[in-house]
Amino acid sequence: MCGIIGYVGKQAAGPIVLEGLQRLNYRGYDSSGLAVLDHDGALAVMKRAGKLAELEASLTTPPAGRTGIGHTRWATHGAVSDGNAHPHLSSDGAAIVVHNGIVENYRALRERLAAAGVECRSETDSEVIPQLIGLYLREGHDFDEAFRRVLGEIEGGNAVVAMERRRPERLYAARLGNAGGIVLGVGGDEMFVASDVPALLPHTTLVQPLANGQWARIGAAETTIRDLDGAEVALAPQRVSMDPVAVAKGPYTHFMQKEIMEQPRALSDCIRGRAHVNPAGVSLEDVRLSDDQLRSLRRVLIVGMGTSMHAGMVGRYYMESLAGLPTDCDNASEFRYRAPLLGPETLVVAVTQSGETVDTLGAMAQVRDHWGAPRVAITNVEESEATRLAAGSAIYLRCGPEIGVASTKTFMASMAALYVLACRIGAARGHLRGATLERAIDALLTAPGIVDRTLAQAEICREVGRVCQDVEHMLYLGRGLQYPLAMEGALKCKEISYIHAEGYPAGEMKHGPIALIDRSMPVVALAPRDPLYDKMWSNIQQVQARDATVIAVGTEGDAELEAAADVFIPIPACDPLIAPFATAIPAQLIAYYLATARGADVDQPRHLAKTVTVE
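Presented here is an overview of the structure given in this document. The structure presented is a predicted model; accordingly, all values stated were derived computationally and were not measured. (Residues numbered from 1 in each chain as written. Predicted model: local features only at pLDDT ≥ 70, side-chain atom pairs only at ≥ 80, totals over all residues. Heavy atoms only, no water.)

## Considering the pattern of salt bridges
By the definition in use, this model includes 28 salt bridges. Arg107 is the salt-bridge partner of Asp442, the closest N and O atoms lying 2.9 Å from each other. Taken together, the residues Asp442 in helix 15 (residues 434-445) and Arg107 in helix 3 (residues 106-115) connect sequence positions 335 residues apart. Classification of Asp442 by relative accessible area gives partly exposed; the value is 24%. The residue Arg295 makes a salt bridge to Asp292 at a minimum N-O spacing of 2.5 Å. Of this pair, Arg295 and Asp292 both sit in helix 9 (residues 291-295), 3 residues apart, which is roughly one turn of that helix. Each of Arg107, Glu438 and Asp442 takes part in a single network of salt bridges with overlapping partners. (Salt bridge = Lys/Arg side-chain N within 4 Å of Asp/Glu carboxyl O. Helix = DSSP H or I, 4+ residues; strand = E, 2+ residues; numbered from the N terminus. Buried < 20%, exposed > 50% of the residue type's maximum accessible area, 1.4 Å probe, protein only.)

Below, the structure written as structure tokens:
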């Protein structure tokens with residue numbers, strides 16, 4: 001979750017960029033920086049590790065110039081240092097870039113640059129972008145073509161803003177995927193660019209977000225937007241209200257729809273600064289447990305309610321495989337009224353998006369008062385009661401406000417937080433080390449891109465919603481890591497479409513639910529290519545034998561599953577531990593489109609509240 005701001009016009013750029021960074025400070029605390037170009041191409045770059053105050057203190061006078069870009073960073077690739085802070089430059093200083101996102105193929109691109117004699121000076125993935133632009137410029141391409149080519153080569157969800165040293169009257173901006181937004185702000189003989197609309201509102205309410213795959217050449221008097229194939233897109237800015245609610249919803253019909261679509265960004269924001277490579281490791285500064293305490297653990301207990309409990313069920317697999325610890329996941333409302341056997345060797349992890357869920361708080365208070373076991377809260381709200389009950393030891397989801405009652409992006413981020421915590425424990429205990437730790441972190445860093453690509457299947461899910469809108473019952477099946485996702489898909493279906501749905505481990509189907517299956521009950525089968533795929537395939541065949549409509553979520557290219565299913569929703573091939581992030585998307589979208597087809601109140605479903613604060 002990095003903040004980006006840019007300006008080109010007649011005013012001094014430095015103060016505007018600094019003000020923008022102040023408004024975006026919540027998007028990154030590790031480091032900040034700015035670059036300003038004067039009319040004659042004179043370039044000033046200032047970067048400082050630490051909070052924005054460190055950069056401000058180093059600037060006795062803002063640099064001169066009318067074009068500038070700025071950045072606040074949460075580290076993923078490389079340590080927190082002045083050298084890893086943005087902006088980054090090509091070796092000859094011809095290209096200056098700030099970046100939000102993860103360049104998933106940065107290793108291959110660094111090797112390509114090294115083969116061409118270009119040495120990267122930082123540890124970041126971001127630096128490959130200006131270095132590649134610089135390489136193309138030296139080969140004779142103009143900046144437009146160099147920028148477009150590089151956009152086509154970097155993988156993952158990314159937002160990029162660049163300046164050309166030789167043309168100080170221009171900015172360039174691009175959006176790839178949904179992990180990083182870019183919004184243009186239109187002024188009078190001046191233009192702004194930012195990662196968030198609120199950063200633009202002090203200067204203009206006339207804005208245009210870039211869509212996935214669009215890039216812009218931005219001048220004070222003339223701006224051109226194109227897609228990656230070079231086709232021009234009309235500049236058609238819209239007037240936005242100063243009302244923060246209207247701004248927040250943007251072009252979406254419902255907050256839930258918006259929150260589903262922004263999950264790549266929410267996931268990236270949650271991971272950023274915590275899971276990092278060069279060197280591989282995990283930083284969880286708000287988890288106040290030492291390595292010695294983590295090494296002393298013999299067990300993990302995860303508690304939560306509803307969607308948070310389903311995230312905890314996924315987290316159980318992460319703790320066992322990545323941390324190497326026996327793990328249980330318990331419904332907080334049931335845990336409170338048992339006499340569990342706990343002690344200082346058991347870590348209790350409470351998952352609660354609001355930090356105020358009454359049963360989860362009751363469970364945490366019971367742990368504190370009766371057993372004194374170490375506690376960690378995973379929550380989206382700082383200074384919540386859950387954080388206090390965990391003695392300040394927490395992983396904040398960084399999702400921003402989630403308005404829709406049915407949780408989506410906080411579910412996604414909760415799974416990521418549990419994955420990172422498992423890696424932290426596994427590294428402290430020596431269960432993850434060297435190449436094993438690196439592979440685990442590399443896999444997690446692909447998750448935002450995997451989610452982004454899965455969102456492209458929204459139209460298939462819309463059709464499922466249309467076809468199934470009149471059914472009365474649905475069954476969701478999964479095995480292993482996909483069982484909690486089946487539970488979550490069924491819960492979403494019940495919450496917002498009011499269709500009765502059940503989520504089951506597929507192996508349990510023959511022990512009762514199979515009696516209900518007929519052609520009037522659609523079955524959603526979560527069947528990515530993972531170690532339990534063959535078992536799941538057998539369960540799908542048993543469903544087909546009962547004439548049920550099979551909606552299969554499987555790995556793209558699985559021709560056999562696609563041919564067998566009535567509807568096939570493909571997800572990208574990925575590490576089995578990452579597959580829940582992908583299969584969550586069809587589960588959410590099917591529920592959303594079922595609800596809209598049935599005319600239900602998506603954001604405020606009947607009888608439900610965002611936070612359950614009473615028993």
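Back to the text.
## Structural notes on the sheet that holds strand 5 (residues 88-89)
Read from one edge to the other, the open sheet built from 7 strands follows the order 5-6-7-8-12-13-14, with strand pairing classed as antiparallel. With one partner strand each, in any of the chains shown, strand 5 and strand 14 (232-233) form the two edges of the open sheet. The pairing of strand 8 (residues 170-176) with strand 12 (residues 214-219) spans 6 bridges and is classified as antiparallel. Within strand 12, the position partnered with Ala173 by the bridge is Ala216. Set on the sheet, helix 4 (residues 128-138) makes contact with strand 5, strand 6 (95-101) and strand 7 (158-164); between it and strand 6 the angle comes to about 140°. (Pairing = 2+ DSSP bridges. Contact = heavy atoms within 4.5 Å. Axes fitted to C-alpha atoms, helices over the stretch in contact; angles between N-to-C directions.)

## Considerations on the side chain of Arg375
Relative to the assigned elements, Arg375 resides in strand 21 (residues 375-379). Here Arg375 sits buried without a salt bridge, and the closest side chain of opposite charge, Asp369, lies 7.7 Å off (N-O distance). A polar atom in the side chain of Arg375 sits 2.7 Å from the backbone oxygen of Leu389. In contact with Arg375, other than residues within four places in its own chain, are Leu347, Val348, Met364, Val367, Arg368, Leu389, Ala390, Ala391 and Ser393. (Lys, Arg positive; Asp, Glu negative; His and termini not counted. Polar contact = N/O pair within 3.5 Å; in protein donor to acceptor, adjacent residues only side chain to side chain.)

## Concerning helix 15
Over its 12 residues, helix 15 extends 17 Å from the first C-alpha to the last, a length consistent with the 16 Å expected when each residue adds 1.5 Å. Listed in full, the buried residues belonging to helix 15 are Leu437, Ala440, Ile441, Ala443, Leu444 and Leu445. (Expected span 1.5 Å × (residues − 1).)

## Brief notes about unusual backbone geometry
Going from His86 to Pro87, the amide bond is cis rather than trans, its omega being 5°. Relative to the assigned elements, Pro87 resides in the loop between strand 4 (67-73) and strand 5. The residue Ala391 is not glycine, and still its phi comes out positive at about 60°. Along the chain, Ala391 falls in the loop between helix 13 (385-389) and strand 22 (394-396). Judged by its relative accessible area of 53%, Ala391 is exposed. Backbone geometry at Tyr498 places phi at a positive 65°, although glycine is not the residue there. Mapped onto the elements of the fold, Tyr498 is located in the loop between helix 18 (482-497) and strand 24 (500-505). For Tyr498, a relative accessible area of 24% translates into the label partly exposed.

## What about the nonpolar core?
Counting 125 residues, the largest nonpolar core has Ile133, Phe147, Tyr419 and Phe581 as the members making the most contacts within it. Residues within four places of Phe147 in sequence aside, it is in contact with Ile133, Val160, Ala162, Tyr172, Ala173, Ala174 and Trp215. Listed in part, the 22 residues of the second largest apolar core include Leu24, Leu52, Val197 and Leu201. (Core = buried A, V, L, I, M, F, W, Y, C linked by side-chain atoms within 4.5 Å.)

## Overview of the sheet that holds strand 1 (residues 3-8)
Reading across the sheet, the 8 strands line up as 3-2-4-1-10-9-11-15 and stay open at both edges, with antiparallel pairing between neighbours. The open sheet terminates on both sides in strands that have one partner only, identified here as strand 3 (43-49) and strand 15 (238-239). Direction of pairing for strand 11 (residues 206-209) relative to strand 15: antiparallel, over a ladder of 2 bridges. When the bridges of strand 15 are listed, Leu206 appears paired with Arg239.

## Structural notes on the pairing of strand 6
Remember that side chains alternate between the two faces of the sheet whenever the strand is regular. The element strand 6 is extensively covered by neighbouring structure, given that 7 of its 7 residues are classed as buried. Burial along strand 6 is two-sided: Ala95, Val97, His99 and Gly101 facing one way and Ile96, Val98 and Asn100 facing the other are all buried. A loop of 5 residues connects strand 5 with strand 6, the two strands running antiparallel in sequence, and Gly93 in this loop sits at a positive phi of about 75°. In the sheet, strand 6 pairs with strand 7 via 7 bridges, with the strands oriented antiparallel. Within the sheet, the bridge partner assigned to Asn100 lies in strand 7 and is Ala159.

So yeah, pure geometry; function would need other evidence.
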